[in-house]
Amino acid sequence: MSQTSASAAELCTLLVRDIYGEVSSKVVNVLLQRGRLTIGSIIQQTQLPPKSVKQTLVVLIQQHLVVHYSHMEGGNDVCYYECNWEQAYELLHAGRIIRAVEDYFGQDGALIASNFLQLGHVKVSDFLAAYGVSTKKTTKKAPNADTIAIEADAPITSVETLKEVMMNMLKARFLVEVKKEDMQPQTDVENNLRNELRKQLASGFSSELKLNNEVNAKLKIKLKEMQIGDVSETAGLKRKAAPAGGRVKKRKKVSIYDEEEEEIDYEIDEDLVLRINHDKFLVLFRNAELVALAEQRIGKVTSEVYREFLKRIEPKIFRCRDNFDEDEDDDDNDKIGVKKIKLSCLELSKHFDPEIELEGSIALPPKETKTKKKRSYDSDDEEKPRKNGKTNGKSKHDSDSEEEEEESEAEDDWDNDADMDPEAAKRKNRMKMIKQHLLLLAEDSFKFLSSEGNRGMGEWSVNYKELGKTMRAVEMEKIVEERFESTGTRLLRIIKDKGKLDEKTISNIALLKQGEVRSVLAQMQECGHLEVQEVPRANPLQVNKTFFFWYFHEERANTLLLSDIYKAMSRNIQRTNVERQKRKHLIEKSERSDVQANFEEYMTKSEKRELEIWRSREERLLVQLMRLDRLVMILRDF
Amino acid sequence: MSRGGRGGGFGGRGGRQNIPGVSQFGDDIKPDYSVTELFPPNPPPVQSSLTKEERAMVSRFRSHRDKIHTGPFYTVLAPRTKGTTEDPFNNISRYSEKYQRKPRKAPKLDSRPYVVNFFPEELHATLGVEKTEDGKIRKKTLVVTQLDELLDMVDEDGMEDKEDEKEDKEEEDKGVESEQDPDQLTDDDEGDYNAEQYFSGGDDMSDVGGDDDDAGFY
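As the structure is a computational prediction, the values presented were derived from the model and not from experiment. (Residues numbered from 1 in each chain as written. Chains lettered and ligands numbered in written order. Predicted model: local features only at pLDDT ≥ 70, side-chain atom pairs only at ≥ 80, totals over all residues. Heavy atoms only, no water.)

Moving on, we get to the overall build of chain B. Regarding its fold elements, chain B presents seven helices and zero strands. For chain B, the succession of helices and strands along the chain, N to C, is α-α-α-α-α-α-α. Looking at chain B residue by residue over its 218 residues, the buried ones come to 37%. Put simply, 60% of the contacts in chain B that link residues at least 6 apart link residues at least 24 apart. If you sum the accessible surface of chain B, you get close to 14900 Å²; carbon and sulfur atoms cover 54% of it. (Helix = DSSP H or I, 4+ residues; strand = E, 2+ residues; numbered from the N terminus. Buried < 20%, exposed > 50% of the residue type's maximum accessible area, 1.4 Å probe, protein only. Contact = heavy atoms within 4.5 Å. Areas by Shrake-Rupley, 256 points an atom, 1.4 Å probe, with all protein chains shown as cover.)

Residue and element names in this part refer to chain A. One open sheet accounts for three strands, arranged 1-3-2; its pairing is antiparallel. Edge strands, defined here as strands with exactly one partner in the open sheet, are strand 1 (37-38) and strand 2 (66-73). As judged from the two bridges shared by strand 1 and strand 3 (residues 76-83), these two strands associate in the antiparallel manner. Note on strand 3: the bridge partner recorded for leucine 37 is tyrosine 81. Docked against the sheet, helix 2 (residues 22-34) engages strand 1, strand 2 and strand 3, running at close to 100° with respect to strand 3. (Pairing = 2+ DSSP bridges. Axes fitted to C-alpha atoms, helices over the stretch in contact; angles between N-to-C directions.)

The next thing to look at is the side chain of A:Gln62. Tracing the backbone shows A:Gln62 in helix 4 (residues 50-62). Judged by its relative accessible area of 1%, A:Gln62 is buried. Within the structure, the side chain of A:Gln62 is placed 2.9 Å from the backbone oxygen of A:Leu119, a separation counted as a polar contact. A polar side-chain atom of A:Gln62 sits 2.7 Å from the main-chain carbonyl oxygen of A:His121. In contact with A:Gln62, other than residues within four places in its own chain, are A:Leu119, A:Gly120, A:His121, B:Phe73, B:Arg112, B:Tyr114 and B:Phe119. (Polar contact = N/O pair within 3.5 Å; in protein donor to acceptor, adjacent residues only side chain to side chain.)

The next thing to look at is the environment of A:Ile43. Residues and elements named next belong to chain A. Looking at the secondary structure, you find isoleucine 43 in helix 3 (residues 39-46). When its relative accessible area of 17% is taken as the criterion, isoleucine 43 is described as buried. Residues isoleucine 43 and lysine 54, 11 residues apart in the sequence, show an inter-C-alpha distance of 8.9 Å. With near-sequence residues (within four places) excluded, isoleucine 43 lies in contact with Leu48, Pro50 and Val53.

Residue and element names in this part refer to chain A. Tallied over the entire structure, the rule returns 13 aromatic pairs over all chains. Consider the rings of tyrosine 104 and phenylalanine 105, whose centres lie 6.4 Å apart with planes at 50°: the pair is tilted. Residue classification places phenylalanine 105 among the buried positions, given a relative accessible area of 5%. Ring geometry for phenylalanine 174 against phenylalanine 281: centres 4.8 Å apart, planes inclined by 35°, an arrangement best described as tilted. Highlighted residues: phenylalanine 174 in the loop between helix 8 (159-171) and strand 5 (175-177) and phenylalanine 281 in helix 12 (residues 278-297), separated in sequence by 107 residues. Taken together, the ring pairs in this structure connect Tyr104, Phe105, Phe174, Phe281 and Phe285 into an aromatic cluster. Positioned above the aromatic ring of tyrosine 89, the side-chain terminus of arginine 636 is 4.5 Å from the ring centre. (Phe/Tyr/Trp six-rings, centres within 6.5 Å; stacked < 30°, edge-to-face > 60°. Lys NZ or Arg CZ within 6 Å of the ring centre and 35° of its normal.)

Another point: the domain arrangement of chain A. Residue and element names in this part refer to chain A. By the assigned domains, chain A splits into domain 1 (6-83), domain 2 (93-276), domain 3 (287-368 + 406-462), domain 4 (484-552) and domain 5 (558-637). Spacing between the C-alpha centres of domain 1 and domain 5 amounts to 26 Å. The interface of domain 1 with domain 5 comprises eight residues on the first partner and 10 residues on the second. For the pair domain 1 and domain 5, the summed buried area comes to about 740 Å², and 63% of that belongs to carbon and sulfur atoms. It is Ser7, Leu11 and Leu14 that lose the most area in domain 1 upon contact with domain 5, and together they represent 59% of the buried surface on that side. For the pair domain 1 and domain 5, the number of links is one salt bridge. Between arginine 571 and glutamate 10 there is a salt bridge, with its nearest N and O atoms 2.7 Å apart. At the boundary of domain 1 and domain 5, one finds two residue pairs in polar contact (both at pLDDT 80 or more). (Domains from an automatic or database assignment. Buried area = accessible area lost by both parts, 1.4 Å probe. Salt bridge = Lys/Arg side-chain N within 4 Å of Asp/Glu carboxyl O.)

All names here are of chain A. By size, the foremost hydrophobic cluster in this structure holds 162 residues, and its most contacted members are Tyr81, Met166, Tyr306, Leu438 and Met569. For this core, the element with the most residues is helix 6 (residues 94-119), which contributes 13 residues. Core analysis: the next-biggest nonpolar cluster, separate from the first, contains eight residues, Leu193, Leu197, Leu201 and Val215 among them. (Core = buried A, V, L, I, M, F, W, Y, C linked by side-chain atoms within 4.5 Å.)

Residues and elements named next belong to chain A. Orientation of helix 22 (residues 554-582) relative to helix 26 (residues 605-637), taken along the N-to-C sense of each, is 165°, at an axis distance of 10 Å. Overall, the two elements helix 22 and helix 26 adopt an arrangement that is roughly antiparallel. Judged by the sense of rotation from one axis to the other, the crossing of helix 22 with helix 26 is left-handed. Its residues assigned to classes, the contact of helix 22 with helix 26 comprises 14 nonpolar, four polar and seven charged. (Parallel < 35°, antiparallel > 145°, perpendicular 65-115°, else oblique. Left-handed = near helix turned anticlockwise from the far one by under 90°. Nonpolar A, V, L, I, M, F, W, Y, C, P; charged D, E, K, R; others polar.)

All names here are of chain A. Mapping arginine 312 onto the fold places it in helix 13 (residues 300-313). Residue arginine 312 is classed as partly exposed on the basis of its relative accessible area, which comes to 22%. Spatially, the C-alpha atoms of arginine 312 and lysine 54 are 46 Å apart, while their sequence positions differ by 258 residues.

Encoded structure:
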């Protein structure tokens, strides 16, 4: 993961150049090419004046793009710098992150996120102080400030609101505390910890081997804890001092984001240093991807239900890759448990978004046909005929064993309740619909959910690891399909399914001519989708007496594909730069302050047209970049 | 993406076991010796239309990038030589240059507070950490303009001016390049008569040396 490939290094250099300018990218480039360096070597390699190298390093460290570590070497401290390329890649996610925060916390949140991204990390008190000043200033300058309000960014009205939103962002782990270890290279942190543990445990063990094992085991846990950070509800918060005057009221009004009203008033600890938590956002992006996949496979409404489900368990998931071997439980935050994150239908329906229209979204199996349901199926038929057909068949197929008894039991309940309270009956009906959708999701061959028992009308968990694999496979197949058409996909699936095969067998299974198979297989190997292994039949190696077995090596195929994508992204950015260079003078003119002030007057018609072309072209290129970025996330992060 | 895929497929791969031109797949396949088209027609894929969500995302990204570009951390390399070899038509000083957005050649570091502990010791001087008499680190407030675009440019300039005065005292350890005072004449305006410009250019060059020589020391 942490290794840099040449193509990734190129991409990161281009990204840094795009965002932080040429000087920064030069330093990053040297660090990526040569590994960790001292400041002296950086100066030498970049051939920049020492002054600007130092300044640039400050910028890069502030933005977490460069990490540093001081060693004792020959009596004095020597500081080494290393580029954190994954963080450099994250520069690309800025748009996505701001957009995601906007969905959760509205304009205020988006503005905070944007500012945090710009600042790298910042102490809460400094951040608040800046706004304290800013709000005063804006009120003073209000009359002539209207020209600048081009952007729809609503001003943050008060420091109180700001605090509130920030606290919620901290709770949602969109912001995390920055610790000293975050500024150091991973390996150094690990070595330090190892040495410490060694010293601590050395006395208790007789043999070196045992000690090593123990140290390694503890190290793993500690590192994990360190990466995840403090996960308790009140992390980074402190008890609010006695509320002064009317502040409490204000708080209540603002706290629409908070689902559970707390008894004790907490406020954000102002000594905290915070930054954007990129890991958490990856979790959000993964959820969005899964929902999109569910929509493609099953249908719109089901994917909405899935979205709600994922949203509910999302607070318990801190990082994408963490939940693979061990899962964390909500109840005991500090201990790492092995319990799965489960959610029951009952809990889900409690907080289910009432906007989502579930009625008539699903067709019930004919076994329990009621006229009402039947009608809804018919009316919906035109809209999603395929989905409903599938649904119908599947549900029938599924209702066996434990689900069935439970369902019929639950059904009885509804029948009894029907004449009680229309509101309650409606709610129950809704719950039933939700359950139907959840069942659909669990039944799908992609296994969006896996069933975990019957408590609370059925409990479900999400197997992210398997889903990640599925998503990777889907994307891989899409690319193979694009390159080699259906033949390629067919061969890929056969080889995946059967393992190592020689050409003849493949052609037999695929029902294709051997020659045809051969050319496609060879090209696929060239692109890195397939691997070939030679097994000689006789001792003197001869080509015609050798078996050639084709096989699919997932990890390798993914890595090769990733590096291809990195290259494509680099080309994309370079293309944008070329397009910009072509119109350099025009763009410079449009950025001039006098032109900005009266744009209509100073720009000719053709210039405006050209500028429009440039804007739309850049937008298209950027969108393409984001699409590639999505692929990268699927292949690398999810 | 797969330009020349078919043509190069057999020749280019697997330099280990097969002689170029001879197929490794056995005798039943005749290698294709005919001349392949150098650039076979390869229609480029067309991008599917942008969704609303994507547009929103890109517009956030762009505005974010613009904010950084106008912020204190975006830096460009100073043009090395401004000699006669460059375009004589476009590279002349113009009146309108005074309206142009001037990119920074060095980041403006003292515009904000830092968490000093997070930086290595050797960079502390660069951070512009000032210590007051009693040894405490003097606090700085975040410059508002980099957070909010609500304030107008006039205000920003005003604030920078105030800061510049502060900076003047510590001018010695600050580079010449870090000053971006809008009122002062810049290098571009001074043209050929600025001897220092050439001098500092030469200063840069002194570091250059041969790459090999430098590598020898480290």
